[in-house]
Amino acid sequence: VEGWVYNNLRAKSMKALLALTAAALIASPALAVNNGFETGDTSGWTGTSNTFAAGGYGVFTPTEGSFLGVATGGNGLGAYATLSQSFYLYTGGTISGNFGFQANDYLPFDDDGFVAVNGNNLLSYSVGTVGSFGNSGWQAFSYTATSAGTYTLSFGARNNVDNGFNSGAVLDNVSVAPGVPEAATWAMMIAGFGLVGAAMRRRSAAIA
């Protein structure tokens with residue numbers, strides 16, 4: 001009976017340890033999934049209709065590998081076609097990659113596209129900025145987290161004024177560096193190990 005009690009208490013202590021560790025770390029930083037669309041599809045990304053992986057789009061060819069991600073207009077006038085993916089970053093963690101906009105229309109049909117983190121545009125282009133049937137060329141972007149938390153990278157394109165021609169946005173070579181936990185986070189985790197260890201020692205002594 002004493003052995004069963006000890007093992008039961010030890011199992012509960014381990015569960016408590018795991019809970020404390022999870023709380024200390026908050027979340028497990030994850031690198032980008034299918035960051036270059038090299039699966040040939042958009043797996044790992046959350047998207048609307050009119051989004052896909054391709055070997056090229058307009059003047060754009062992949063910046064690495066054989067595929068890139070594409071979001072085109074056509075989801076209804078003024079509605080963005082988008083692809084997005086979320087990551088957990090510690091303070092100082094970064095998200096970077098390459099983005100481009102292909103205008104397949106002419107003014108005054110001012111289609112546009114963007115790449116953003118948590119809804120804040122890092123880059124945006126339109127027919128008005130790249131010219132009728134123009135393009136932005138590949139543009140590098142980078143975002144640095146100012147605090148620990150979940151960050152969502154998204155990009156998209158939409159048609160404006162009419163749906164006669166679909167302009168598009170492209171994305172490739174996404175890289176995520178989650179950063180490292182702050183000292184306070186490590187201290188919390190170490191304290192959790194210490195508390196659980198002390199509890200286990202007390203319970204072992206009580207059983208003995």
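In short, a report on the structure.

1. Notes on the side chain of asparagine 160
One can find asparagine 160 in the loop between β9 (149-158) and β10 (168-177). Dropping the residues within four chain positions of it, asparagine 160 is found in contact with Leu77, Gly78, Phe109, Asp110, Asp111 and Asp112.

2. Overview of the sheet that holds strand β3 (residues 68-72)
Spatial strand order, β2-β3-β10-β5-β8: five strands in an open sheet with antiparallel pairing. A single partner strand is all that each edge strand has here, and the edge strands are β2 (51-54) and β8 (139-144). For this sheet, the mean angle separating the axes of adjacent strands, direction not counted, is 30°. Sheet analysis places strand β5 (residues 94-102) next to β10, joined by eight bridges and oriented antiparallel. The residue of β10 that forms the bridge with phenylalanine 101 is alanine 169.

3. Things to note about the pairing of strand β6 (residues 112-117)
The element β6 is largely enclosed, with a buried count of six among its six residues. Side-chain alternation along β6 places Asp112, Phe114 and Ala116 on one buried face and Gly113, Val115 and Val117 on a second face that is also buried. Bridge count between β6 and strand β7 (residues 120-126): six bridges; the pairing is antiparallel. Paired with phenylalanine 114 across the bridge in β7 is serine 124. The hairpin formed by β6 and β7 contains two residues between the paired strands, and asparagine 118 there has a positive phi angle of roughly 50°. The sheet contact formed by β6 and β9 spans six bridges and is antiparallel. Each bridged residue has a counterpart across the sheet, and for alanine 116 the counterpart in β9 is serine 154.

4. Notes on the environment of tyrosine 143
Mapping tyrosine 143 onto the fold places it in strand β8. Separated by 47 residues in sequence, tyrosine 143 and serine 96 place their C-alpha atoms 6.3 Å apart. Look past the residues within four positions of tyrosine 143 in its chain and what remains in contact with it is Gly93, Thr94, Ile95, Val117, Leu122 and Tyr151.

Thresholds, definitions, all that
Residues numbered from 1 in each chain as written. Predicted model: local features only at pLDDT ≥ 70, side-chain atom pairs only at ≥ 80, totals over all residues. Heavy atoms only, no water. Helix = DSSP H or I, 4+ residues; strand = E, 2+ residues; numbered from the N terminus. Contact = heavy atoms within 4.5 Å. Pairing = 2+ DSSP bridges. Axes fitted to C-alpha atoms, helices over the stretch in contact; angles between N-to-C directions. Buried < 20%, exposed > 50% of the residue type's maximum accessible area, 1.4 Å probe, protein only.

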